[in-house]
Amino acid sequence: GAGVSQSPSNKVTEKGKDVELRCDPISGHTALYWYRQSLGQGLEFLIYFQGNSAPDKSGLPSDRFSAERTGGSVSTLTIQRTQQEDSAVYLCASSSWTGGTDTQYFGPGTRLTVL
Amino acid sequence: AQSVTQPDIHITVSEGASLELRCNYSYGATPYLFWYVQSPGQGLQLLLKYFSGDTLVQGIKGFEAEFKRSQSSFNLRKPSVHWSDAAEYFCASYTGGFKTIFGAGTRLFVKA
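Cut-offs applied
- Residues numbered from 1 in each chain as written.
- Chains lettered and ligands numbered in written order.
- Predicted model: local features only at pLDDT ≥ 70, side-chain atom pairs only at ≥ 80, totals over all residues.
- Heavy atoms only, no water.
- Disulfide = S-S within 2.5 Å.
- Helix = DSSP H or I, 4+ residues; strand = E, 2+ residues; numbered from the N terminus.
- Salt bridge = Lys/Arg side-chain N within 4 Å of Asp/Glu carboxyl O.
- Buried < 20%, exposed > 50% of the residue type's maximum accessible area, 1.4 Å probe, protein only.
- Contact = heavy atoms within 4.5 Å.
- Buried area = accessible area lost by both parts, 1.4 Å probe.
- Polar contact = N/O pair within 3.5 Å; in protein donor to acceptor, adjacent residues only side chain to side chain.
- Pairing = 2+ DSSP bridges.
- Axes fitted to C-alpha atoms, helices over the stretch in contact; angles between N-to-C directions.

*Asks:* What's the story with the state of the cysteines in this structure? I'm lost.
*Replies:* Here, disulfide denotes a covalent bond that connects the sulfur atoms of two cysteines. Residue and element names in this part refer to chain A. In the structure shown here, the tally under the stated rule is 2 disulfides over all chains. Residue pairing for Cys23: its cysteine sulfur links by disulfide to Cys92, the two sulfurs lying 1.8 Å apart. The disulfide joining Cys23 to Cys92 has a torsion of about -65° about its S-S bond and is therefore left-handed. Within this pair, whereas Cys23 is found in strand 3 (residues 19-24), its partner Cys92 is found in strand 9 (residues 88-95), the two being separated by 69 residues in sequence.

Encoded structure:
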């Protein structure tokens, strides 16, 4: 594809509900990253995929957060039993893996609001 | 712990004036350093990156950055700011593993 796409662009949910956020990386990119951007904060690393496996899940804030990637392409970030502090913009990025110094290409993000 | 600090939360400059956005990193060895820009409603776009070699790096949109090891800094500069440069700017550092650490960002306002 032309770039990284994310859906939905905006999501409003009620506290306690589950949400799924989707990321479509650039075709052929093996590495995929999820970040969280809270108001006034930098980007917080959540998880990284190389192919379908996630070597580094250390950034996931709690066991309510999970992510998967299938077919080395689309990734889904799931937040269960959402809390108000989960409100943030969730950004996805992909890259052609060259050891971590590769340029990451970002999607426009999903703005999550938990009421 | 490794960190990236952007001391200025926001900066306002006049159109046509010069710009310098500050970035300091905390890491023993030389990290890989990046500057990204985020326009409203958009994802982040890479402006430039430094891995090694010449400490003055040229990027897109007329931006440049200078790596100064003695000051642990990687400041972003532009000689003449345009209104379209108004955005949020993030400095980032890759130090190994899979993580890139981002600063909190500096929001740039451009006044006519």
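*Asks:* Just to check I follow, could you spell out the pattern of salt bridges for this structure?
*Replies:* Oppositely charged side chains are able to pair whenever their charged atoms sit close together. All names here are of chain A. Enumeration according to the criterion identifies 8 salt bridges over all chains in this entry. Between Glu44 and Arg36 there is a salt bridge whose closest N-O contact spans 3.0 Å. As a salt-bridge pair, Arg64 and Asp86 come within 2.8 Å of each other at their nearest N and O atoms. Of this pair, Arg64 sits in the loop between strand 6 (53-56) and strand 7 (65-69) while Asp86 sits in the loop between strand 8 (75-79) and strand 9; the two residues are 22 residues apart in sequence, bridging distant segments of the chain. Among the residues examined, Arg64 registers a relative accessible area of 12% and is labelled buried.

*Asks:* Looking at this structure, how should I read the side chain of A:Ser75?
*Replies:* Inspection of the secondary structure puts A:Ser75 in strand 8. Residues contacting A:Ser75, with those up to four places away along its chain left out, are A:Leu21, A:Arg22, A:Cys23, A:Leu32, A:Trp34, A:Phe49, A:Glu68 and A:Arg69.

*Asks:* Looking at this model, I keep getting lost on the interface of chain B and chain A. Mind explaining?
*Replies:* Frequently, the measure chosen for interface size is the accessible area that the parts lose on association. With 20 residues of chain B in contact, the opposing surface of chain A contributes 22 residues. Carbon and sulfur atoms supply 60% of the area that chain B and chain A bury against each other, a total of about 1,600 Å² over both sides. Run the count over chain B and chain A and you get 0 salt bridges. Connecting chain B to chain A are 3 residue pairs in polar contact (both at pLDDT 80 or more). Of all the secondary-structure elements, those providing two or more residues to the side of chain B that touches chain A are strand 5 (32-38), strand 6 (44-50), strand 10 (87-94) and strand 11 (100-102) of chain B. It is strand 5 of chain B that provides the largest number of residues to the side of chain B that touches chain A, a total of 4 residues.

*Asks:* Even after reading the chapter, I still don't get the sheet that holds strand 1 (residues 5-7) of chain A, so can you show me in this structure?
*Replies:* What holds strands together in a sheet is hydrogen bonding between their backbones, with the strands either parallel or antiparallel. Residues and elements named next belong to chain A. In spatial order, the strands read 1-3-8-7; together these 4 strands make up an open sheet with antiparallel pairing. Pairing within the sheet leaves two strands with one partner each, and these edge strands are strand 1 and strand 7. Ignoring which end each strand starts from, the neighbouring axes of this sheet average 15° apart. Pairing of strand 3 with strand 8, which is carried by 5 bridges, proceeds in the antiparallel orientation. Bridge pairing in strand 8 links Leu21 to Leu77.

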